[in-house]
Amino acid sequence: MSIAELSNTYAGSSDGPPDDRLPPQDLGAEQSVLGSMLLNKDAIADCLEVTKSTDFYRPAHELIYDAVLDLYGRGEPADAITVADELNKRGDLTRVGGQAYLHQLIQSVPTAANAGYYAEIVHERAVLRRLVEAGTRIVQMGYGQGEGDVDEIVNRAQAEVYSVAEKRGGEDYHQLGEILNATMEEIEAAAGRTDEMTGVPTGFIELDQLTNGLHPGQMIVVAARPAVGKALALDTPLPTPSGWTTMGEVAVGDSLLDASGRPTRVVAATEVMAGRPCFEVEFSDGSVIVADAEHQWAIEAGEIVTTQQMVDLGLRTKVAHDTRYVQDIRRVPSVPVRCVEVDNADHLYLAGPTKVPTHNSTLGIDIARAAAIKHNMATAVFSLEMSRTEITMRILSAEATIQLQDLRKGLKGQEQWNKLARIMGKISDAPLFIDDSPNMSLMEIRSKCRRLKQQHNLRMVIIDYLQLMSSGKKVESRQQEVAEFSRALKLLAKELEVPVIAISQLNRGPEQRTDKRPQMSDLRESGCLPAETRILRADTGAETTIGEIARSGEKDLTVWALDDGLRYTKRTMTHAFSTGTAPVFKLTLASGKTVRSTENHPFLTYEGWSPLASLRAGDRIAVPRHVPSPLLVSDWADGEVIMLAHLIGDGSFVKRQPIRYASIDEANLEAVTKAALVFGISAVRDEYAVARCTTLRLPAPFRLARGKRNPIAEWLDGLGLFGARLHEKFVPRDVSNLPKEQIALFIRHIWATDGSVTVNKSGRGGRIYYASTSRRLVDDLSRLLLRFGVQTRIRVTKKAGYRDGYTLDISGVDSQRRFLQEIGVHGARGVAAARLLDIVRGLTGNTNVDTIPKQVWDDVRESMSSQGMTTREFQAAMGTQYCGSAMYANAPSRQRLAKVADVLDDADLELMAVNDVFWDSVVAVEPDGFEEVYDATVLDCHNFIANGIAVHNSIEQDADMVILLHRDRSDPERDGEADVIVAKHRNGPTADIVLAFQGHYSRFSNMAKDGGF
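Residues numbered from 1 in each chain as written. Predicted model: local features only at pLDDT ≥ 70, side-chain atom pairs only at ≥ 80, totals over all residues. Heavy atoms only, no water.

Named according to an unreviewed UniProt entry, the chain is Replicative DNA helicase originating from Knoellia sinensis KCTC 19936. What UniProt records for the chain under Sequence similarities (unreviewed entry) is the sentence "Belongs to the helicase family. DnaB subfamily." For the record of the chain, the UniProt heading Catalytic activity (unreviewed entry) holds the text "ATP + H2O = ADP + phosphate + H(+)". (UniProt positions renumbered as here; feature names shortened; annotations may be inferred.)

Right, let's get into the packing of aromatic side chains. The relation between two aromatic rings is expressed through the spacing of the ring centres and the mutual angle of the planes. Tallying each qualifying case throughout the model produces seven aromatic pairs. Considering the side-chain rings of Phe-56 and Tyr-65, the 5.0 Å spacing of their centres and the 45° angle between planes classify their relative orientation as tilted. Comparing Phe-56 with Tyr-65 shows no difference in burial state: the two are buried. For the pair Trp-636 and Trp-715, a centre-to-centre distance of 6.0 Å together with 65° between the ring planes defines the contact as edge-to-face. With Trp-636 in the loop between β29 (620-624) and α20 (638-650) and Trp-715 in helix α22 (residues 711-718), the pair connects residues that are 79 residues apart, well separated along the chain. Looking at Trp-636, the relative accessible area reads 16%, which means it is buried. (Phe/Tyr/Trp six-rings, centres within 6.5 Å; stacked < 30°, edge-to-face > 60°. Buried < 20%, exposed > 50% of the residue type's maximum accessible area, 1.4 Å probe, protein only. Helix = DSSP H or I, 4+ residues; strand = E, 2+ residues; numbered from the N terminus.)

Moving on: the pairing of strand β18 (residues 432-435). Residues Leu-432 and Ile-434 of β18 are buried on one face, and the alternating residues Phe-433 and Asp-435, pointing to the opposite face, are buried as well. Of the strand pairs in this sheet, strand β17 (residues 379-383) and β18 are connected by four bridges, and their pairing is parallel. Its bridge partner lying in β18, Val-381 is registered against Ile-434. (Pairing = 2+ DSSP bridges.)

Side chains that carry opposite charge are capable of pairing whenever their charged atoms lie near each other. Here the structure, examined in full by the defined rule, presents 37 salt bridges. Taking the shortest distance from any N to any O, the salt bridge between Glu-280 and Arg-330 comes out at 3.0 Å. One end of the pair, Glu-280, is in strand β8 (residues 278-283); the other, Arg-330, is in strand β12 (residues 326-332), and 50 residues separate them in sequence. With its nearest N and O atoms 2.6 Å apart, the salt bridge here joins Arg-733 to Glu-548. You can see Arg-733 sitting in the loop between α22 and α23 (740-754) and its partner Glu-548 sitting in helix α19 (residues 546-552), a full 185 residues away along the chain. (Salt bridge = Lys/Arg side-chain N within 4 Å of Asp/Glu carboxyl O.)

Burial along strand β39 (residues 943-946) is two-sided: Asn-943 and Ile-945 facing one way and Phe-944 and Ala-946 facing the other are all buried. Where β39 meets strand β40 (residues 949-952), four bridges bridge the pair, whose relative direction is antiparallel. Pairing of Phe-944 across the sheet is with Val-951, part of β40.

So, about the sheet that holds strand β35 (residues 766-772). Pairing in this open sheet of four strands is antiparallel, and the strands run β34-β35-β37-β36 from one edge to the other. The sheet is open, and its two borders are formed by β34 (755-759) and β36 (792-797), each paired with just one other strand. Each strand axis lies, on average, 25° off the axis of its neighbour in the sheet, ignoring direction. Relative to strand β37 (residues 805-810), β36 runs antiparallel, the two sharing six bridges. Residue Arg-795 lies in a different strand from β37, and its bridge partner there is Thr-807. This element, helix α24 (residues 775-785), spans β35, β36 and β37 of the sheet and lies at about 15° to β37. (Axes fitted to C-alpha atoms, helices over the stretch in contact; angles between N-to-C directions. Contact = heavy atoms within 4.5 Å.)

Another point: the nonpolar core. One finds Met-643, Leu-644, Ile-712, Phe-746, Ile-747, Trp-751 and Phe-819 to be the most contacted residues of the largest nonpolar core, which totals 65 residues. No other element matches the eight residues that α23 contributes to this core. In this structure, Ile-712 is in contact with Met-643, Leu-647, Ile-659, Phe-679, Ile-681 and Leu-698, ignoring residues within four places of it in sequence. Ala-29, Val-50, Val-83 and Leu-93 belong to the second-largest nonpolar core, a separate cluster that totals 37 residues. (Core = buried A, V, L, I, M, F, W, Y, C linked by side-chain atoms within 4.5 Å.)

With that settled, consider empty space enclosed by the protein. If you walk through the whole model with that rule in mind, you get six cavities of 30 Å³ or more. Every residue lining the largest cavity is counted, 21 residues in all, and those nearest its centre are Leu-536, Gly-541, Ala-542, Ser-736 and Arg-783. Elements that contribute at least two residues to the lining of the largest cavity include exactly β22 (534-536) and α24. Counting residues per element, the lining of the largest cavity draws most heavily on α24, at four residues. Considering only residue class, the lining of the largest cavity consists of 10 nonpolar, three polar and eight charged. (1 Å grid on protein atoms, 1.4 Å probe; cavity = no way out; pocket = protein on both sides within 12 Å on 5 of 7 lines; lining within 4 Å. Points joined across faces, edges and corners; volume = space filled by probe spheres on them. Nonpolar A, V, L, I, M, F, W, Y, C, P; charged D, E, K, R; others polar.)

Direction vectors running N to C along helix α2 (residues 27-39) and helix α3 (residues 41-48) enclose 140°, while the axes themselves pass 5 Å from each other. On the basis of their axis angle, the class for α2 and α3 is oblique. Here Val-33, Ser-36, Met-37 and Leu-39 of α2 come into contact with α3, specifically with Lys-41, Ala-43, Ile-44 and Cys-47. Each residue belonging to the contact of α2 with α3 can be placed in one class, and the counts come to six nonpolar, one polar and one charged. (Parallel < 35°, antiparallel > 145°, perpendicular 65-115°, else oblique.)

Spatially, four strands are ordered β30-β31-β33-β32 in an open sheet, and the strand pairing comes out antiparallel. Either end of the sheet is taken by a strand with one partner, and the two such strands are β30 (651-652) and β32 (684-688). In the sheet, strand β31 (residues 660-663) pairs with strand β33 (residues 693-697) via four bridges, with the strands oriented antiparallel. Residue pairing across strands places Ala-662 opposite Thr-695, the latter belonging to β33.

A word on helix α7 (residues 98-107). Those residues of α7 not exposed but buried are Gly-98, Tyr-101, Leu-102 and Leu-105. The arc enclosing the buried residues of α7, seen along the axis, measures out at 125°, which places them on a common side. Along α7, the residues that are exposed and aim more than 90 degrees away from the buried face are Ala-100 and Gln-107. The elements touched by buried residues of α7 are α2, α4 (59-73), α5 (80-90) and α6 (93-96). (Arc of directions from axis to C-beta.)

This part is about α5. Looking only at α5, the buried set comprises Ala-80, Val-83, Ala-84, Glu-86 and Leu-87. Down the axis of α5, the buried side of the element spans an arc of 160°, and every buried residue falls inside it. Among the exposed residues of α5, those oriented more than 90 degrees off its buried face are Ile-81, Asn-88 and Lys-89. Of the surrounding elements, those touching the buried residues of α5 are α2, α4, α6 and α7.

So, in structure tokens, the structure goes:
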């Protein structure tokens, strides 16, 4: 049955009256697609290659399709029951028609075997709808007056048409034999591209001895630096579909123009680089572009050359895809430079005011020859960077031992042609499948791999490379998206029982070190923390340093992590590990919280996870607003809690001196005297009238001898406190797993020592703070107060000749009210506390304290737009006078956003108003040394709390093996060598392996004998 016949079958099934103005759609086909997916798992794979959720005309069908794909992506069954449960969790079950409608979809399917054909119908109707929409927008552009230059409008109209013809993944992989003819044509035409070989194949003696081969179910990350440089000056203008940007401003996800003037997406961007050799490149029309020595240019005959090569060879050549030629190249003083990577097949984008085609930075790999050609094992290569002919050319070069440059420029001798002919016969039947589809999503890759497993017994999967992958759906951030890829690739490896090799890029960390040697901290989407970073545990409620976890080898501890609803939930941290040494930076927030990390470590902003390097003063990041009670809770005697609080505050317990307590508050002296009885100790009172102070000595109730200690001293020693001086004091970890009532008791009494509660002279408010010379102590108290949802701010006071002092202030009326009601203060300070509580109960909280970042108004406007609500209607519904856009000028309070969510009936906005996140402001990011750094693996949510701040974890978390590639170009004696650094090996040892790199053949080989490929 043809698609046209199926279409005719469904012609009368669409709802509504016949009307040629109704958007193209086929509801019967949509129902059959969904019904087939609910009936047959294989139908899901067939449909997702053709359709996407936005292809469905009915919104209910889109919701059902998304739910099915999410279940399928997680490896869970997708039927009427499980899909109904998933929709119910999302709050969408009623909106789609209930569970009964899902069963109706199943009943409406003629046969699930035709699911792919039904999907084609749905996709075709969606393309026609997009064409109608694009045509409407183009008509509006044409009739618009004063909307820009005519050429720019035409360009935008072309972009609209191109966006309609979006391709979906099908059988885009090609067996090697099918590609050879096209590759031979490219060789004969002497056209090709230059990409640095950066991959690690299997079949190397030492690597195989170390790993015992790559095993089914393993995920292996192979990482290397892209070719260094290829950068343009930051002020270089870059044309976009809607105007102009600059190299310094462009970001990942933005659109530029390719060599033909079509939109092309930026998929990667380097950091700003300084100190690089720079040149002015002048073209025949007089235009000038400043580029570094390694920047690549596409020239005539399809060749790619660097600026330095043009200088060395005296090239003044014609620019590819253009009529201009290079007229002059002049050395200029170094300027900051940067480069981007785009997603078109030619890797070209337009730069400069006159739009000169220029090449971006690329990474290539040839890793599958040993498995597919030498061992006849089916291997799939998904290349999101190089074209299939580029990959095939490298395979031919390596197998035939013909220099890659000769293949690019055209073979000259008969002997080389004979070699090529022999190798073509040998490899044409090799089960090597290459897919170079642009913008592949993870779901498409999974679907193709499943088909290859069924049809060709797939044995290995290679994805080149991880940073170019797309999830195909909206995500909070690139870091979260890459973390999802990492987990999904591991699940794919386990499901298909094949090793999955993910090629990744390293950041520029190696270039900042003397030896240039890469390490795991250099993984591009990863980030790392110094050893002293304190991680908040959910099992004990205490903080443990990441260095302690790594050194002890502790596994599977429970930590607090933010879920998709920004609620703190318990998740498993499988392990922590050293990732090498790296430059670290100190992040300081307005609350006084600080954390040190590498510049690529991600922090949660409103837009999603962002690396430290992208944060600026004034940006807002997530910190915990409230943390639940831990899993493990253990009681103490109340007397022990009270004694500890007072000794930390006003006690002295240094070694070789009596244990003392001093206070002027009679209530505190009485509390300590009673608490001492728990230890069998009778306190001895000493009056110091001159000092207007009373001290309590706490002597042992028995004669001290060898092996017998003062009970309080022994108790403090067990808590790790004994001997600590004033500036060294801290809250012991055991306090963290006390029940909430006893934590309140502890804080109530410690606040009675060095705490303060005062009422303003006006009687309209007051201040609550705790003072100490121990930064660790105020940090510990800040974490304990999170149990009560109390927000704090740490201030530093400096005085010449004295240690720094720290005050922990309770921020805002709401937090003050919560502190005074649920905790309070013991003793004389309790009088002022009771008075201040009466005051703050009658106050309205300052709406400027706990606010949501202003970016939330963008989501509000989007919600209004989707409901067809105007600003005037919205502000009337809010009960406010119309003030235009002024309403969006300030960050809204949680109460205000909750009202907005209620007016718009928007669940996402409501979530932002009631979550566990407090949005703190960045004050400074400063360089802070160079040291060993660590990272950790957290399952599911991929984040944890470090020093009281939400941070993301590493992309290597799911990898069974991490292999880093390094070529030392600074040592002439090692010109032909490459280091293969096995930095992580979950099931075996790590090691460094030296291989021979034969760049002219585009391959690696064993040093001892040629067993490589």
